[in-house]
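# Structure assessment
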Amino acid sequence: MRHALLLGLAAAVAAGVPWTQASAQMDDPVAAEFDKFREVLEKDNPAELWEVKGEQLWTTPGGPKKASLEKCDLGLGPGVVKGAYAQMPRYFADVDRVMDAEARIVHCMITLQGYELDKLDDKPFSSATHTPDPVSITTYVAAQSAGMKLAPPQNHPKEKAAYAIGKEIFHYRAGSYDFSCASCHGVDGQRIRTQPLPNFTKPEQAIRSVQGWPGYRMTGGVMHTLQWRLTDCYRQQRFPEPGYTSETLSALLTYLTVNASGQVYKGPGIKR
Amino acid sequence: MADPMKIRATLQGDVADVRVLMAHPMETGQRKQGGQVVPLHFIQSITATLNGKQVFSADISQAISRNPVFAFKVKGAKAGDEIAVTWKDNKGETRTDKTTVRGGS
């Protein structure tokens, strides 16, 4: 009886999940159920509420300088938002470093709008009752790359260096658990409780580090970006917290995004 | 001020499929933060109009999730018609957003 039920479940799941989600995890009925769950929820994703808010924040003059962000250069020229998220992290000559999307947005809020970093990074992450502006803006910017292929450039020496540094950090074991990112995300077929863990060192699975972010977490109803996700990974590893929009996080994001290069980004997502 | 809603109204034949996302904390009055109960704060009523004529109304409770989604169908809608949705919460706060019905498949 039990076997029959399980088989029925697996068959229903196989029919419901598009082939693009096919992966090593496909044969796992639990993982496939989660994929189905996400697919259903993606249709009315509350993340869109932050897209709307982020767009307002992008176009409306704000900050001490009463300027909008429409002159912000996300790498494709001042004010060009479409496709920018899919081509970041990238090197920016004006700051002589590699920046991921949120780091660049925060940089623009500082230089164009006159905000102070101290205030923006005081409480940079969302809570149930408050979503910081950079999170909303990042969600808006990310949505303008929905359906595009990830293409973070690897031309400038600093972009290559960021990849190498990110790779190093990913595999660096430390802390009270003698842990690294790779301990969980560098091996095939691992899981934490029911949650299957993708192997980010493999191109076909690396997309899962980018896909669905920025994401709406149903637990608590909170909008989060990759800056939060990676910072929380540090906490889970019992590492000291990395700096908000730091080069450390940009380097890690470079490593992860370049590994997922060429795969289609679906825009802001939804998480359990 | 309350954040905007996101409303989508797509025609399927002469029926408009309306989907509304609302930004609202929907506090149940049971959650505590720092030892203090977070006061009850939830949407009580929702109404929708098609070109000004009411076509939908609902009374809801605090059992509905934060940032809720509502979907309903409106018969006899045409492309270009205006759908307006209004919610009102227990603190008397209210918000109205509008959209235009789009032709679908």
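A short tour of the structure in this document, coming up.

## Comments concerning the interface of chain B and chain A
Many authors give the size of an interface as the accessible area that is lost as the parts come together. Each partner contributes to the interface: chain B provides 13 residues, whereas chain A provides 15 residues. In total, chain B and chain A occlude about 1200 Å² of area from one another, counting both sides; carbon and sulfur atoms represent 52% of this. Linking chain B with chain A are four salt bridges. Measuring nitrogen to oxygen at the nearest pair gives 3.6 Å for the salt bridge that ties Glu 48 of chain A to Lys 6 of chain B. Put simply, chain B and chain A have four residue pairs in polar contact (both at pLDDT 80 or more) between them. Of all the elements in the fold, those that place two or more residues in the side of chain B that touches chain A are strand E1 (6-12) and strand E2 (15-21) of chain B.

## Considerations on the sheet that holds strand E8 (residues 82-89) of chain B
Residue and element names in this part refer to chain B. Read from one edge of the open sheet, four strands run E6-E5-E8-E9, paired in antiparallel fashion. Looking at the sheet topology across the chains shown, the edges are occupied by strand E6 (53-59) and strand E9 (94-100). Ignoring which end each strand starts from, the neighbouring axes of this sheet average 15 degrees apart. Here seven bridges tie strand E5 (residues 43-50) to E8, and the two strands are oriented antiparallel to one another. By the bridge assignment, Ser 45 is partnered in E8 with Lys 88.

## Quick word on the state of the cysteines
Residue and element names in this part refer to chain A. All told, the structure shown has one disulfide over all chains when counted by the stated rule. Residue Cys 72 pairs covalently with Cys 108 via a disulfide, S to S 2.0 Å. Handedness of the Cys 72-Cys 108 disulfide follows from its S-S torsion of about 75 degrees: it is right-handed. Of this pair, Cys 72 sits in the loop between helix H3 (47-59) and strand E1 (90-92) while Cys 108 sits in helix H4 (residues 101-111), placing them 36 residues apart in sequence. The thiol sulfur of Cys 184 is not disulfide-bonded, and the nearest other cysteine sulfur, from Cys 233, lies at 8.6 Å. The class for Cys 184 is buried, based on a relative accessible area of 16%. No disulfide involves Cys 233; its sulfur sits 6.6 Å from the nearest other cysteine sulfur, which is in Cys 181. On the accessibility criterion, Cys 233 (18% relative accessible area) is buried.

## Quick notes on the packing of aromatic side chains
Residues and elements named next belong to chain A. Summed over all chains, the structure comprises ten aromatic pairs over all chains. Ring centres of Phe 125 and Tyr 244 lie 5.8 Å apart, and the angle between their planes is 90 degrees; this geometry places the pair in the edge-to-face category. Note that Phe 125 is positioned in the loop between helix H5 (117-120) and helix H6 (133-143) and Tyr 244 in the loop between helix H10 (226-236) and helix H11 (247-259), a separation of 119 residues in sequence. The partly exposed category is assigned to Phe 125, whose relative accessible area is 22%. Feature note: the residues Tyr 163, Phe 170 and Tyr 255 constitute an aromatic cluster, connected by ring pairs.

## Concerning empty space enclosed by the protein
The tally for this structure, following the rule as stated, stands at two cavities of 30 Å³ or more. Empty space within the largest cavity amounts to approximately 130 Å³. Every residue lining the largest cavity is counted, 14 residues in all, and those nearest its centre are Tyr 85, Asp 100, Ala 101, Leu 226 and Leu 253 of chain A. Mapped by element, the contributors of at least two residues to the lining of the largest cavity are H4, H10 and H11 of chain A. Grouping the amino acids of the lining of the largest cavity by side-chain chemistry returns eight nonpolar, four polar and two charged. Around the second largest cavity, the lining residues are Lys 43, Asp 44, Asn 45 and Glu 48 of chain A together with Lys 6, Ile 7, Arg 8, Arg 19, Val 20 and Leu 21 of chain B. Listed by contribution, the elements that provide at least two residues to the lining of the second largest cavity are E1 and E2 of chain B. Considered class by class, the residues forming the lining of the second largest cavity number three nonpolar, one polar and six charged.

About the criteria used
Residues numbered from 1 in each chain as written. Chains lettered and ligands numbered in written order. Predicted model: local features only at pLDDT ≥ 70, side-chain atom pairs only at ≥ 80, totals over all residues. Heavy atoms only, no water. Contact = heavy atoms within 4.5 Å. Buried area = accessible area lost by both parts, 1.4 Å probe. Salt bridge = Lys/Arg side-chain N within 4 Å of Asp/Glu carboxyl O. Polar contact = N/O pair within 3.5 Å; in protein donor to acceptor, adjacent residues only side chain to side chain. Helix = DSSP H or I, 4+ residues; strand = E, 2+ residues; numbered from the N terminus. Pairing = 2+ DSSP bridges. Axes fitted to C-alpha atoms, helices over the stretch in contact; angles between N-to-C directions. Disulfide = S-S within 2.5 Å. Buried < 20%, exposed > 50% of the residue type's maximum accessible area, 1.4 Å probe, protein only. Phe/Tyr/Trp six-rings, centres within 6.5 Å; stacked < 30°, edge-to-face > 60°. 1 Å grid on protein atoms, 1.4 Å probe; cavity = no way out; pocket = protein on both sides within 12 Å on 5 of 7 lines; lining within 4 Å. Points joined across faces, edges and corners; volume = space filled by probe spheres on them. Nonpolar A, V, L, I, M, F, W, Y, C, P; charged D, E, K, R; others polar.

Shape is all these values report; function is a separate question.
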